[in-house]
Amino acid sequence: RGVMAKRAKEPEVDAQLASEHGVSAEEWERLVGILGRQPSYTELGVVFRYVGPDGAEDEASNVNGSARAIAGVVNARGNVLGMMPHPERCAEEALGNTDGLTLFTGLARGVGELLEAAR
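For the structure given in this document, a descriptive report is provided here. (Residues numbered from 1 in each chain as written. Predicted model: local features only at pLDDT ≥ 70, side-chain atom pairs only at ≥ 80, totals over all residues. Heavy atoms only, no water.)

Let us look at the overall build of the protein chain. Counting secondary structure elements, the protein chain contains three helices and three strands. Seen in sequence order, the protein chain has helices and strands lined up from the N terminus as α-α-β-β-β-α. Seen along its three principal axes, the alpha-carbon backbone of the protein chain occupies a region of about 50 × 45 × 25 Å. Carbon together with sulfur atoms contributes 54% to the accessible area of the protein chain, which is approximately 8300 Å² in total. (Helix = DSSP H or I, 4+ residues; strand = E, 2+ residues; numbered from the N terminus. Areas by Shrake-Rupley, 256 points an atom, 1.4 Å probe, with all protein chains shown as cover.)

This is the structure we're talking about:
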């Protein structure tokens with residue numbers, strides 16, 4: 001339960017992993033040069049991963065069998081999200097599951113905090 005709400009430990013990112021996600025060697029070197037270190041998974045655009053209740057990646061939690069247990073990615077600007085799981089399909093008791101509600105309540109809380117801070 002609440003798998004989407006758990007914070008997963010990000011795997012180490014190296015040039016090999018980055019290339020598997022379409023980052024060229026030149027782009028990798030540029031990223032490392034800008035950051036002064038290897039980028040994180042999130043900095044490569046991975047924002048959601050399939051993990052178990054303890055936040056650890058395991059095969060049973062990777063329900064779609066996605067590579068590296070990736071469940072959601074964003075574009076470089078961060079304004080477009082692509083997500084494989086469909087939390088809207090499990091956000092009501094009538095649908096038989098409310099695990100997806102955690103994502104929506106978290107988003108609403110975050111937006112509310114941003115609006116409050118902007119006042």
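Once that is clear, we can look at the layout of surface pockets. Put simply, the second largest pocket is a space of about 240 Å³. Every residue along the wall of the second largest pocket is listed here: Val23, Glu27, Arg30, Leu31, Ile34, Thr42, Glu43, Leu44, Gly45, Val74, Asn75 and Ala76. Here the element with the most residues in the lining of the second largest pocket is helix H2 (residues 25-35); it accounts for four residues. Within the lining of the second largest pocket, the residues separate by chemical class into six nonpolar, three polar and three charged. (1 Å grid on protein atoms, 1.4 Å probe; cavity = no way out; pocket = protein on both sides within 12 Å on 5 of 7 lines; lining within 4 Å. Points joined across faces, edges and corners; volume = space filled by probe spheres on them. Nonpolar A, V, L, I, M, F, W, Y, C, P; charged D, E, K, R; others polar.)

Further remarks concern the side chain of Arg49. Within the element layout of this structure, Arg49 appears in strand E1 (residues 46-49). A distance of 2.4 Å separates polar atoms of two side chains, one belonging to Arg49 and the other to Glu57. (Polar contact = N/O pair within 3.5 Å; in protein donor to acceptor, adjacent residues only side chain to side chain.)

On the surface, a nonpolar cluster with roughly 260 Å² of combined accessible area is contributed by Leu101, Phe104 and Leu107. Note that Leu107 resides in helix H3 (residues 101-118). (Patch = residues over 30% accessible without salt bridge, like charges linked within 9 Å, V, L, I, M, F, W, Y side chains within 5 Å. Salt bridge = Lys/Arg side-chain N within 4 Å of Asp/Glu carboxyl O.)

Across the 11 residues of H2, one count as buried, placing the element largely on the outside. Looking one or two residues beyond H2, the residue adopting positive phi is Gly36, at roughly 75°. (Buried < 20%, exposed > 50% of the residue type's maximum accessible area, 1.4 Å probe, protein only.)

So, about the nonpolar core. Core analysis: the largest hydrophobic core is formed by eight residues, namely Val13, Leu17, Ala18, Val23, Trp28, Tyr41, Val46 and Ile70. For Ala18, the residues in contact, after removing those within four places along its chain, are Val23, Trp28 and Leu44. (Core = buried A, V, L, I, M, F, W, Y, C linked by side-chain atoms within 4.5 Å. Contact = heavy atoms within 4.5 Å.)

This paragraph deals with the environment of Leu17. Note that Leu17 resides in helix H1 (residues 15-20). In this structure, Leu17 is in contact with Glu12, Tyr41 and Arg68, ignoring residues within four places of it in sequence.

Another aspect to go through is the sheet that holds strand E3 (residues 81-83). Taken in spatial order, the three strands of this open sheet run E1-E2-E3, and their pairing is antiparallel. At either end of the open sheet lies a strand with only one pairing partner, and these are E1 and E3. The average undirected angle you get between the axes of adjacent strands in this sheet is 15°. Relative to E3, strand E2 (residues 70-74) is paired through three bridges, and the arrangement is antiparallel. Paired with Val73 across the bridge in E3 is Gly82. (Pairing = 2+ DSSP bridges. Axes fitted to C-alpha atoms, helices over the stretch in contact; angles between N-to-C directions.)

By themselves, these are just geometric observations and shouldn't be taken as functional.
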